[in-house]
There are 2 protein chains.
Amino acid sequence: MPKRTYGEILGFPQGSTFANRSELATSQVHRPNQGGICGGADGAESIVVSGGYVDDEDYGDEIVYTGQGGNDPSTKRQIADQKLILGNLGLARSQLDGNPVRVIRGAGGDPKYSPTTGLRYDGLFRVVDHWTATGIDGFKIRRYRLVALESADPPPDPPPTDTDTGAVRVEATIQRLVRSTAVALAVKRLHDYTCQVCGIQLSTPAGPYVEAAHIQPLGKPHNGPDIAGNILCLCPNHHVLFDAGAIYVAASGQVRDAANDAVMGDLRTANGHSLDWAYLEYHREHHISDEKTG
Amino acid sequence: MPKRTYGEILGFPQGSTFANRSELATSQVHRPNQGGICGGADGAESIVVSGGYVDDEDYGDEIVYTGQGGNDPSTKRQIADQKLILGNLGLARSQLDGNPVRVIRGAGGDPKYSPTTGLRYDGLFRVVDHWTATGIDGFKIRRYRLVALESADPPPDPPPTDTDTGAVRVEATIQRLVRSTAVALAVKRLHDYTCQVCGIQLSTPAGPYVEAAHIQPLGKPHNGPDIAGNILCLCPNHHVLFDAGAIYVAASGQVRDAANDAVMGDLRTANGHSLDWAYLEYHREHHISDEKTG
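Residues numbered from 1 in each chain as written. Chains lettered and ligands numbered in written order. Predicted model: local features only at pLDDT ≥ 70, side-chain atom pairs only at ≥ 80, totals over all residues.

Section: the overall build of chain A
Thinking step 1. A count of helical and extended segments in chain A gives five helices and 18 strands.
Thinking step 2. Residue burial in chain A is summarised as follows: out of 294 residues, 45% are buried.
Thinking step 3. Residue pairs in contact within chain A that sit at least 24 positions apart in sequence constitute 58% of those at least 6 positions apart. (Helix = DSSP H or I, 4+ residues; strand = E, 2+ residues; numbered from the N terminus. Buried ≥ 20, exposed ≤ 12 C-beta atoms within 10 Å, placed from the backbone. Contact = placed C-beta atoms within 7 Å.)

Structure below.
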């Protein structure tokens, strides 16, 4: 397994430019000469966004990135399903570990944010979500939402210098997003701060704690609504598992383990909290697929 | 229980000024005529920072705020311990719920950030930590770290207008901080991504998930170090409980429930991960006190 360097590479600050992929690879900012993702089962350290996939969406500080594989390099069209392996698995792993990913944009990407020639290192992003979808060409694609690390979140300590590799690992502050809104608070109260999967209520000196999980996520590109019908009341453990697609709610109302479809029990309900099942179907479609063993 | 309005008050954007407390109270930006915290068991909606407590620390975008009670209004010195009740409980509750708190600065506060006369609404902050400490005057005080909500985190949808109260609830995106650093990753691997309290390993399609909990927190004012000896490997549920002071590690190595000191088991260990017990003592001193039933 290669030794990975997460964070910035010494001598190549944000904005550094490269004439071509070979120069980029030499810099270590993105090591592979061809692939768009530098990563594997242990994590992903960098990606190149250069218009190689028709489903990519670039919003500057936010990128909806398509995983690797299944496309024809000459036409750039998808010709097969993408699987959760290699770099695709690496980006998902980096989300779980909260590691930052270097983003390099190349000519060929969205002209609004990409260099006109060559490649440019555009800083550190974090992977905040990943899911599957059916791409423009009709095949399953892996999608990742990456958000630029705010410069307002400096590392807590001066970055350690690794003199062996000449790399500076900028240890960014990573945040697991837990949104709170008035409707989320109302749902929590209806469930008396208990988890709809396991029934646990975490008790603290300041009172009970539970999280509101939006089923169809808020924000691009899902744009789920912030309404009670789109919210589950979950303990942090089941929130993580639900967001990661490790568990899902079947049409029967049973909570199931995605690894083996084993039934974990019925989703718990509360008077006054009506779920809209279309959002649970959206969650299944974007996380539970035939390829889960891929 | 009063109807609380979390977020911005319609007509009073950040920077709004008020001649005195009575004018401020009329605006609803901070409703009490006297108290520094507008809140109770259900949450806190606003605080006034105006130099009333000797232990307050103001860093602009970050405030270490002292709870209410136990001080002599004329001398501003602490003369008794502060308890987790009323507004103090409200701020802790707002941390658990992730609700934003309006911050009003008054003349008398740190001159670097405070108005020279009257009061000024300085925007929405989130409570990211709370603990007990011994204040400058030798009594137990309740402390809260508040961080300004980034303008980079706009609400996901246009804020709903509540025409009954004339209030706009800006539903801020709240984030539970989960830091990730190279040393945190190393600790997770030593424990094979299992929780040191319950032994669970959360399994997801992209691999196992666990969190690194800094025992003495990073950042102001704790300034704990980012080293393996200051990190516990915890599932999200036990991370929440540990940070909230609901559980602690006794000097014996037993994990205990703070509510009744019941033993939950021995803290699990892993070869190669040595804890520094001074940090666990720091955690106990700042969370587990005689007043926990207060």
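Here the narrative resumes, following the displayed structure.
Some details on the environment of Asp226(A)
Thinking step 1. Along the polypeptide, Asp226(A) turns up in the loop between strand S14 (211-214) and strand S15 (231-234).
Thinking step 2. Taking the C-alpha atoms as reference points, Asp226(A) and Lys188(A), separated by 38 residues in sequence, lie 14 Å from one another.

Observations concerning the nonpolar core
Thinking step 1. One finds Leu234(A) and Leu234(B) to be the most contacted residues of the largest nonpolar core, which totals 112 residues.
Thinking step 2. Not counting the four nearest positions on each side in its chain, Leu234(B) is found in contact with Cys195(B), Gln196(B), Val197(B), Val210(B), Glu211(B), Ala213(B), His239(B) and Phe242(B). (Core = buried A, V, L, I, M, F, W, Y, C linked by C-beta atoms within 7 Å.)

Details of unusual backbone geometry
Residue and element names in this part refer to chain A.
Thinking step 1. Phi at Leu-86 is positive, roughly 50°, even though this residue is not glycine.
Thinking step 2. Structurally, Leu-86 is set in helix H2 (residues 86-97).
Thinking step 3. One non-glycine residue, Asn-223, lies in the positive phi region at around 55°.
Thinking step 4. Within the secondary structure, Asn-223 sits in the loop between S14 and S15.

Looking at the domain arrangement of chain A
Accessible area lost on assembly of the parts is the figure often given for the size of an interface.
All names here are of chain A.
Thinking step 1. Domain annotation of chain A identifies domain 1 (17-168) and domain 2 (182-286).
Thinking step 2. One C-alpha centre belongs to domain 1, the other to domain 2, and the line joining them spans 30 Å.
Thinking step 3. Here the side of domain 1 that touches domain 2 takes four residues from strand S7 (residues 119-134), the largest share from any one element.
Thinking step 4. Of the residues assigned to the side of domain 1 that touches domain 2, the class counts are four nonpolar, one polar and three charged. (Domains from an automatic or database assignment. Nonpolar A, V, L, I, M, F, W, Y, C, P; charged D, E, K, R; others polar.)

Observations regarding helix H5 (residues 277-287) of chain B
Residues and elements named next belong to chain B.
Thinking step 1. Residues of H5 that are buried include every one of Tyr-279, Leu-280, His-283 and His-287, and no others. Projected down its long axis, H5 carries its buried residues within an arc of 100°, all on one side.
Thinking step 2. Next to the buried residues of H5 lie strand S7 (119-134) and strand S16 (247-249). (Arc of directions from axis to C-beta.)

Let's talk about the environment of Asp42(A)
Thinking step 1. Tracing the sequence through the fold places Asp42(A) in the loop between strand S2 (37-40) and strand S3 (43-49).
Thinking step 2. It is 9.4 Å that separates the C-alpha atoms of Asp42(A) and Asp97(A), two residues lying 55 residues apart in sequence.

Some thoughts on the pairing of strand S18 (residues 262-266) of chain B
Residue and element names in this part refer to chain B.
Thinking step 1. When you tally the buried positions in S18, you get zero out of five residues, a small fraction of the element.
Thinking step 2. Summarising the sheet, strand S17 (residues 254-257) and S18 pair through four bridges and their orientation is antiparallel. Opposite Gln-254, over in S18, you have Asp-266 as the bridge partner.
Thinking step 3. Joining the antiparallel neighbours S17 and S18 is a turn of four residues, in which Asp-261 adopts a positive phi near 60°. (Pairing = 2+ DSSP bridges.)

Quick look at the sheet that holds S18(B)
All names here are of chain B.
Thinking step 1. If you walk across this open sheet you meet the three strands as S16-S17-S18, and the pairing is antiparallel. In this open sheet, the two strands that pair with only one neighbour each are S16 and S18. With strand direction ignored, the average angle separating the axes of adjacent strands in the sheet is 30°. (Axes fitted to C-alpha atoms, helices over the stretch in contact; angles between N-to-C directions.)

Overview of the sheet that holds strand S18 (residues 263-266) of chain A
Residues and elements named next belong to chain A.
Thinking step 1. If you walk across this open sheet you meet the three strands as S16-S17-S18, and the pairing is antiparallel. Only two strands of the sheet have a single partner each, and these edge strands are strand S16 (247-249) and S18. Within this sheet the neighbouring strands show an average axis-to-axis angle of 20°, counted without direction.
Thinking step 2. In terms of strand pairing, strand S17 (residues 254-257) meets S18 through three bridges, oriented antiparallel. Residue pairing across strands places Arg-256 opposite Val-263, the latter belonging to S18.

What to know about the pairing of strand S14 (residues 211-214) of chain B
All names here are of chain B.
Thinking step 1. On S14, burial covers both faces: Glu-211 and Ala-213 on one face and Ala-212 and His-214 on the other are all buried.
Thinking step 2. Where S14 meets strand S15 (residues 231-234), four bridges bridge the pair, whose relative direction is antiparallel. Residue pairing across strands places Ala-212 opposite Cys-233, the latter belonging to S15.

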